[in-house]
Amino acid sequence: MAIEPSDKEGMSAAQNGAPSAPRMPAAAPELEPGAPTDLELMQSIQAEDPEALSQLYDRYNGIIKALILRVIHNEAEADDLLQEIFMEIWNQAKNFSAQKGKPLGWMVTLARRRAIDGLRKKQAYARAEERLQTETEQQPDAWVHNATEEEITFSDTRILVRRVINTLPPAQQQAINLAFFRGMSQREIAAKTNTPLGTVKTRLELGLKKIYDGLKELKDEL
Amino acid sequence: MSFEEFQNRARLYVIGALEPEETEEFEIARKEYAQQAEVFISQCYDLHEAFALSLRPEKTSDVLKQRLMLMVRDRQQK
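As the structure is a prediction and not an experimental result, all values here were calculated from the model.

Draft legend 1. Focus on helix 4 (residues 75–92) of chain A. Helix length check: helix 4 of chain A, at 18 residues, gives a terminal C-alpha distance of 25 Å against a target of 26 Å (1.5 Å per residue), a fit within 8%. Turning to helix 4 of chain A, its buried residues are E77, A78, D79, L81, L82, Q83, I85, F86, M87, E88, I89 and W90 of chain A. On its buried face, helix 4 of chain A sits against helix 2 (38–46), helix 3 (50–72) and helix 5 (103–121) of chain A together with helix 4 (62–77) of chain B. You can read the cap of helix 4 of chain A off the contacts: a side-chain oxygen lies 3.1 Å from the backbone nitrogen of A76 of chain A, and it is on N74 of chain A.

Draft legend 2. Spatial organisation of the packing of aromatic side chains. Residue and element names in this part refer to chain A. In this structure the tally under the stated criterion is 11 aromatic pairs over all chains. Judged by centre distance (4.9 Å) and plane angle (65°), the ring pair of Y57 and F86 falls under edge-to-face. One end of the pair, Y57, is in helix 3; the other, F86, is in helix 4, with 29 residues separating them in the sequence. Here the two residues Y57 and F86 agree in accessibility, since each one is buried.

Draft legend 3. View of the environment of R11 of chain B. Inspection of the secondary structure assignment puts R11 of chain B in helix 1 (residues 3–14). Of the residues examined, R11 of chain B reaches a relative accessible area of 3% and is grouped as buried. In this structure the C-alpha to C-alpha distance between R11 of chain B and Q43 of chain B, which are 32 residues apart in sequence, comes to 9.4 Å. Once you skip the residues sitting within four places of it in the chain, R11 of chain B turns out to touch L208, K209 and Y212 of chain A together with F40, C44 and L47 of chain B. Here N8 of chain B takes part through its side chain, which lies 3.1 Å from a polar atom of the side chain of R11 of chain B.

Draft legend 4. Seen up close, the side chain of D38 of chain A. Here D38 of chain A shows up in helix 2. For D38 of chain A, the side chain forms a polar contact with the side chain of Y60 of chain A, separated by 2.5 Å.

Draft legend 5. The arrangement of the nonpolar core in detail. In terms of nonpolar packing, the biggest core is built from 82 residues, with I64 of chain A together with F51 of chain B touching the most fellow members. The element that contributes the greatest number of residues to this core is helix 3 of chain A, accounting for 13 residues. If we skip the residues at most four places from it in the chain, I64 of chain A touches L82, I85, F86, M107, V108 and A111 of chain A.

Draft legend 6. Layout of the interface of chain B and chain A. If you look at the interface, chain B gives 43 residues, while chain A gives 67 residues. Across the chain B to chain A interface the summed buried area is about 5,100 Å²; carbon plus sulfur atoms make up 63%. Taken together, chain B and chain A are joined by 5 salt bridges. In this structure, K102 of chain A engages E49 of chain B in a salt bridge whose closest nitrogen and oxygen atoms are separated by 3.6 Å. Taken together, chain B and chain A are joined by 17 residue pairs in polar contact (both at pLDDT 80 or more).

About the thresholds
- Residues numbered from 1 in each chain as written.
- Chains lettered and ligands numbered in written order.
- Predicted model: local features only at pLDDT ≥ 70, side-chain atom pairs only at ≥ 80, totals over all residues.
- Heavy atoms only, no water.
- Helix = DSSP H or I, 4+ residues; strand = E, 2+ residues; numbered from the N terminus.
- Expected span 1.5 Å × (residues − 1).
- Buried < 20%, exposed > 50% of the residue type's maximum accessible area, 1.4 Å probe, protein only.
- Contact = heavy atoms within 4.5 Å.
- Polar contact = N/O pair within 3.5 Å; in protein donor to acceptor, adjacent residues only side chain to side chain.
- Phe/Tyr/Trp six-rings, centres within 6.5 Å; stacked < 30°, edge-to-face > 60°.
- Core = buried A, V, L, I, M, F, W, Y, C linked by side-chain atoms within 4.5 Å.
- Buried area = accessible area lost by both parts, 1.4 Å probe.
- Salt bridge = Lys/Arg side-chain N within 4 Å of Asp/Glu carboxyl O.

As structure tokens, then:
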């Protein structure tokens, strides 16, 4: 199923389909006319409709795999984990509640947890650490990939989110990167970056607040 | 804890970066601010979505999806 690039309308509310407090944009891709919203797909999955899972997979497998790869840096393991995560989405769908958040947020939370667990379980941690060390030394501010890729899916959304993230000083990006994509605690980040714990805490707090506020501003502009 | 402090902690909480001693204080404040706290925490989870959407989608093989759907249908039949 084709996914159009997200437009400037932002699809959060439409795709969520549930009344809720104002939310940040984190816009999901624009849907084709008549296509079910994420929430409708989740409801169908809750009713054990495999076709709904198939559609949700088509819509988000690339994003979820990117997230997994960001954590474990291994293509084969990422594929295995991607399959396990969508199986878990199928098995755990009944635990999803639209009142607590959007389907994509729920899936990302689940995927991130599984990826970080996987990283630790498979004892790939040390090797990944080494790779991460090299990455961070080479590109201390490299939160996301370069903006030159040719694929268009999600591109508008990604550019908007990146714009917000890129306003952060490299040290804040690095701290958030290690916390979110590596599941590191403040103490672990402090040890890894040879930075005082208090500084790490400040970087995380300031960075997350800036992203949160930036995304909210973006939403207001849309 | 002021609500502003709570908000700072909540953002750390949703990415799992609260230290144990902070978690305890956070949970106390969470109870204190009740519904207001839950609404804010729920909004903070949108950070997860934003971080994921900041990444370039990766290609996956069709075989992977076929395997997944086979597993799902197999699970349904059991």
